[in-house]
Amino acid sequence: MRKTLVVGNWKMHGSRPANAELLAGILGARPFTADVAVCVPFPYLFETAATLAASDIRWGAQDVSAHEQGAYTGEVSAAMLAECGCRYALVGHSERRAYHGESDQLVADKAKALLARGVTPIVCVGETLAERDAGQTEDVVKRQLAAVIHTLAHCAGEIVVAYEPVWAIGTGRTATPEQAQAVHAVLRAQLQAATGHGDRMRILYGGSVKPDNAATLFAMPDIDGGLIGGASLKAADFVAICRAAA
Ligand code: 13P
């Protein structure tokens, strides 16, 4: 049985007072039946860790360097994230792929760096609207995931996957539960073929998940939770989404 996982991706939002209020709202709403985590900007990791340490809410980062250490100005290593107590880190978010030119292989190398330090990569995949309209959705997400599977080899079963159609991110245009389920089923089959236990791996959906659509998305057989952007910044909305996980 796969336990639902709901992860907030704060992106480049927040401030120390706003974070304190948001985390207090989440902590005050426990317990949740789902696993819950927040992926916060790097400078807030230590304070987030201190706030959440005594709870069952986990925290993580939104990116990581593929390098172990060295002269890489501005980068943050997986070892540093592990020192901050991160359970998770996002890799390959579409905003990193689009604005920072991250390739499938770089995303795979980042996932590998994380696993080497005991941090679980949440590997994001997803097609653009042009790719969907051209009928390339399956090819694109399978290509993105295949790079990670090949690079991680026998460790590929240790990741979390997040399907985030680019056209649904921040647009208010959610994939229908059926559209999302269809892609999740493709990804699950690919994970199953590669690892032999894809049926135990979690595949999250992300893209305009809100309190009013979360329950129907999470009810689909291959949707194991959500990666939440905008709605993760308001405690009431994020809590409602966490509770939508039956
Ligand atoms: P929104 O929930 O704001 O659409 O963002 C989704 C996302 O990109 C989460 O990583």
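Rules used in this analysis
- Residues numbered from 1 in each chain as written.
- Predicted model: local features only at pLDDT ≥ 70, side-chain atom pairs only at ≥ 80, totals over all residues.
- Heavy atoms only, no water.
- Helix = DSSP H or I, 4+ residues; strand = E, 2+ residues; numbered from the N terminus.
- Buried < 20%, exposed > 50% of the residue type's maximum accessible area, 1.4 Å probe, protein only.
- Contact = heavy atoms within 4.5 Å.
- Areas by Shrake-Rupley, 256 points an atom, 1.4 Å probe, with all protein chains shown as cover.
- Core = buried A, V, L, I, M, F, W, Y, C linked by side-chain atoms within 4.5 Å.
- Axes fitted to C-alpha atoms, helices over the stretch in contact; angles between N-to-C directions.
- Left-handed = near helix turned anticlockwise from the far one by under 90°.
- Nonpolar A, V, L, I, M, F, W, Y, C, P; charged D, E, K, R; others polar.
- Near = heavy atom within 4 Å.
- Polar contact = N/O pair within 3.5 Å; in protein donor to acceptor, adjacent residues only side chain to side chain.
- Pairing = 2+ DSSP bridges.
- Right-handed = clockwise from strand over helix to strand, strands pointing away.

## Let's talk about the overall build of the protein chain
Part 1: Counting its secondary structure elements, the protein chain contains 10 helices and 8 strands.
Part 2: In terms of principal-axis extent, the alpha carbons of the protein chain reach across some 45 × 45 × 35 Å.
Part 3: A buried classification covers 53% of the 246 residues belonging to the protein chain.
Part 4: Looking at the protein chain alone, contacts between residues at least 24 apart form 71% of all its contacts between residues at least 6 apart.
Part 5: Total accessible area on the protein chain is roughly 10900 Å²; 54% of this is exposed by carbon and sulfur atoms.

## Digging into the nonpolar core
Soluble globular proteins tend to bury their nonpolar side chains together.
Part 1: If you look at the biggest cluster of nonpolar residues, it comprises 70 residues, and the most contacted ones within it are Val38, Leu81, Ile159, Leu187, Tyr205 and Phe218.
Part 2: The contacts of Ile159, once residues within four sequence positions are left out, are Leu115, Pro121, Val123, Leu145, Val148, Leu152 and Met201.
Part 3: If you look at the next biggest cluster of nonpolar residues, it comprises 12 residues, including Ala37, Tyr88, Leu90 and Cys124.

## Observations regarding the packing of helix α1 (residues 16-28) against helix α10 (residues 235-243)
Part 1: One way to put it is that α1 packs onto α10 with a least axis distance of 9 Å and a crossing angle of 35°. As α1 runs across α10, the sense of the crossing is right-handed. When α1 is examined against α10, the residues Leu22, Gly25 and Ile26 are found in contact with a partner set consisting of Ala235, Phe238 and Val239.
Part 2: Of the residues in the contact of α1 with α10, the class split is 5 nonpolar, 1 polar and no charged.

## Looking at the site of the ligand
Part 1: In the vicinity of the ligand, the contacting residues are Asn9, Lys11, His93, Glu164, Ala168, Ile169, Gly170, Gly207, Ser208, Leu227, Gly229 and Gly230.
Part 2: Contacts to the ligand include Glu164, whose side-chain N or O atom sits 2.9 Å from an oxygen atom.
Part 3: Note that an oxygen atom of the ligand is positioned 2.7 Å from one of the backbone N or O atoms of Gly170.
Part 4: Looking at the shell around the ligand residue by residue, the classes come out as 3 nonpolar, 7 polar and 2 charged.

## Observations concerning the pairing of strand β2 (residues 35-39)
Part 1: Counting buried positions along β2 gives 4 out of 5 residues, so the element sits mostly inside the fold.
Part 2: Note that strand β1 (residues 5-9) and β2 share 5 bridges and pair parallel. In the sheet register, Val6 faces β2, and the bridge partner there is Val36.
Part 3: Here β2 runs beside strand β3 (residues 58-61); their pairing, made up of 3 bridges, is parallel. Residue pairing for β3: Cys39 is matched across the bridge by Gly60.
Part 4: Viewed along the sheet, the connection from β2 through helix α2 (residues 45-52) into β3 turns out right-handed.

Nothing here speaks to function; it is all geometry.
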